[in-house]
Amino acid sequence: MNTLRLGLAGFGTVGSGLAQILHENREGILARTGRDIAITTVLVRDLTKKRAVATGPEMRFTANPDDLLGPDVDVVVELMGGVGLARELITRALNAGKHVVTANKHLLALHGPELSALAAKKGLGLFYEASVAGGVPIVQTLRESLGANRIERLTGIMNGTANYILSEMTTNHLEFDVALKQAQELGYAEADPTFDIEGFDTAHKLVVLIRLAYGRDFPLSKLPVRGITQVTGSDIEFAREFGYRIKLLAQAREVDGKIVASVEPTLVNHKFLLARVGGNYNAVRVEGNAVGPIMLHGQGAGSLPTGSAVMADVMALCRGLAIPSAHFDNTGFGNKPLPEADILPSSECVSMHYFRFSVADRPGVLAAIAKTMAEHGISIAQAVQKGEHKAPEVPIVFLTHEAKASAAAETVRAIDALPFAVRPTVHFPIL
Ligand code: NAP
Ligand code: HSE
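This section reports on the structure supplied with the text.

Reading guide: rules and limits
Residues numbered from 1 in each chain as written. Chains lettered and ligands numbered in written order. Predicted model: local features only at pLDDT ≥ 70, side-chain atom pairs only at ≥ 80, totals over all residues. Heavy atoms only, no water. Phe/Tyr/Trp six-rings, centres within 6.5 Å; stacked < 30°, edge-to-face > 60°. Helix = DSSP H or I, 4+ residues; strand = E, 2+ residues; numbered from the N terminus. Buried < 20%, exposed > 50% of the residue type's maximum accessible area, 1.4 Å probe, protein only. Lys NZ or Arg CZ within 6 Å of the ring centre and 35° of its normal. Near = heavy atom within 4 Å. Polar contact = N/O pair within 3.5 Å; in protein donor to acceptor, adjacent residues only side chain to side chain. Areas by Shrake-Rupley, 256 points an atom, 1.4 Å probe, with all protein chains shown as cover. Nonpolar A, V, L, I, M, F, W, Y, C, P; charged D, E, K, R; others polar. Pairing = 2+ DSSP bridges.

1. Examining the packing of aromatic side chains
Thought 1: Counted by the stated rule, this structure contains seven aromatic pairs.
Thought 2: Aromatic pair Phe-11 and Phe-61: ring centres 5.4 Å apart, planes at 80 degrees, arrangement edge-to-face. Residue Phe-11 is found in the loop between strand 1 (4-9) and helix 1 (13-24), and its partner Phe-61 is found in strand 3 (residues 60-62); the two are separated by 50 residues along the sequence.
Thought 3: With a relative accessible area of 24%, Phe-61 lands in the partly exposed category.
Thought 4: Aromatic side chains Tyr-164 and Tyr-188 sit 5.8 Å apart centroid to centroid with 65 degrees between the ring planes, which places their arrangement in the edge-to-face category. With Tyr-164 in helix 6 (residues 160-171) and Tyr-188 in the loop between helix 7 (176-185) and helix 8 (194-197), this residue pair connects regions lying 24 residues apart in the sequence. Each of the two residues, Tyr-164 as well as Tyr-188, counts as buried.
Thought 5: What links up through ring pairs into an aromatic cluster is the set Phe-355, Phe-357 and Phe-398.
Thought 6: Here the guanidinium or amino end of Arg-143 rests over the ring plane of Tyr-128, the centre of that ring lying 6.0 Å away.

Below, the structure is given as structure tokens:
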């Protein structure tokens, strides 16, 4: 059979990882797919840049996107990121009859349904395993392996950069900015790391997973998202004293036909597997009504782990193409348009809560906080106050019993308006 020819858009962290895997594992890949795979064309911005892996004369580098649409490319592999140009390129590639593999969760979160519809109309494959949780095969798992289940709950650590930062702050007491710089140097972060630390990248991935798990489209603009920039070393220490780790969690659940979903820093009991997911590792826990709970764990970012997921898509495509009149179900729901999800507001969710109040250290403050919490129906489970004698402010930390997220938010608003509040309260839910 003739060679399957890949045109790569992007040869950065992921693109070079893919090339390295193809180079090093070529024989094994051929043994599984029965068809040789080669990278023929590579689109980059800067043709003069020195590349991290050997490129070879068979790979033609270009700065012209049109070169990916010519007859020497069968599959366009989009690994450049961003939305505008990537959307245009994938649309043009599908219209030109090319199958597409992408790792671009931002693009998929915003325009996935439109691109899936175009791919379906053209009878082409649109593959995106690497878009969620890097090397962890959660897309294939939800689309295929768990297809017989009603998914009751999805809980994930799905951003390697944020998890690396929190882990380094917890284990090695690194400053936030130092840990972020390391994550960038290791190739984990997005071109604009705001996406990682503000939770947006996790949100993009959660929207993609909700489609696969529930067959419904949860608009990105309706997903409540909080990142990790509010998390301080002292929150990590307080949480640890109470037996918890702080993780950036993505959560989705179906309640009476409605979907409730959120992305926010969350305290996780240190005995839970999710609490032990460290560094650039990701984990997604899925509860299916038949299979029960399962958890996938692995590197969620980085050159080779992500390249591995992209290569798996290329191989799946290769196998599909070997079947006469192959049909590509890109959504897991027969390529039918997905209805918009009925949304249950996350303010309705009930959980325990962590509050860190920064207040003036004077008589009656603790009593006033406890009274305000009681007025909002929030019952205190544990409390700790630490501070230097006569310091201008002290942190008071409470862990509560279960209460609605809306009650917790109202409590924060009420206490922050009191005269002894020195700075805004930090509040996270507890898993
Ligand atoms: P990267 O290291 O910044 O590489 C981006 C590549 O795209 C570079 O080769 C760049 O060319 C090229 N490029 C960017 N804009 C371009 C343009 N306008 N025209 C032509 N070429 C352009 O990015 P990455 O980390 O590999 O990420 C790529 C994609 O994978 C993103 O969607 C990202 O979200 C996703 N992803 C990344 C990871 C990860 O661990 N890094 C994991 C999962 C998914 P030059 O080399 O000339 O600059
Ligand atoms: N920036 C992303 C992360 C890359 O840190 O998880 C993987 O999607």
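2. Some thoughts on the site of ligand 1
Thought 1: Neighbouring residues of ligand 1: 24 residues in total, closest Asp-46, Lys-49, Arg-51, Glu-190 and Gly-302.
Thought 2: Phe-11 places a polar main-chain atom, nitrogen or oxygen, 2.8 Å from an oxygen atom of ligand 1.
Thought 3: Between Val-14 and ligand 1, the recorded distance is 2.9 Å, taken from a backbone N or O atom to an oxygen atom.
Thought 4: Here ligand 1 has 890 Å² of accessible area as a free molecule, and 85% of this is covered by the chains.
Thought 5: Per-class residue counts for the shell around ligand 1 are 10 nonpolar, eight polar and six charged.

3. Looking at the pairing of strand 2 (residues 37-43)
Thought 1: Where burial is concerned, most of strand 2 is hidden: seven out of the seven residues are buried.
Thought 2: Pairing of strand 1 with strand 2, which is carried by six bridges, proceeds in the parallel orientation. Each bridged residue has a counterpart across the sheet, and for Leu-4 the counterpart in strand 2 is Ile-37.
Thought 3: As paired elements, strand 2 and strand 3 share three bridges and run parallel to each other.

4. So, the site of ligand 2
Thought 1: As a matter of local geometry, ligand 2 sits amid Lys-105, Asn-159, Gly-160, Thr-161, Tyr-188, Ala-189, Glu-190, Asp-196, Asp-201, Lys-205, Gly-300 and Ala-301.
Thought 2: With respect to ligand 2, the backbone of Gly-160 contributes an N or O atom lying 2.6 Å from an oxygen atom.
Thought 3: Separating a nitrogen atom of ligand 2 from a backbone N or O atom of Tyr-188 is a distance of 2.6 Å.
Thought 4: When ligand 2 is considered free in solution it has 250 Å² of accessible area, and contact with the protein chains removes 94% of it.
Thought 5: Listed by contribution, the elements that provide at least two residues to the shell around ligand 2 are helix 6 and helix 9 (200-214).
Thought 6: Considering only residue class, the shell around ligand 2 consists of three nonpolar, four polar and five charged.

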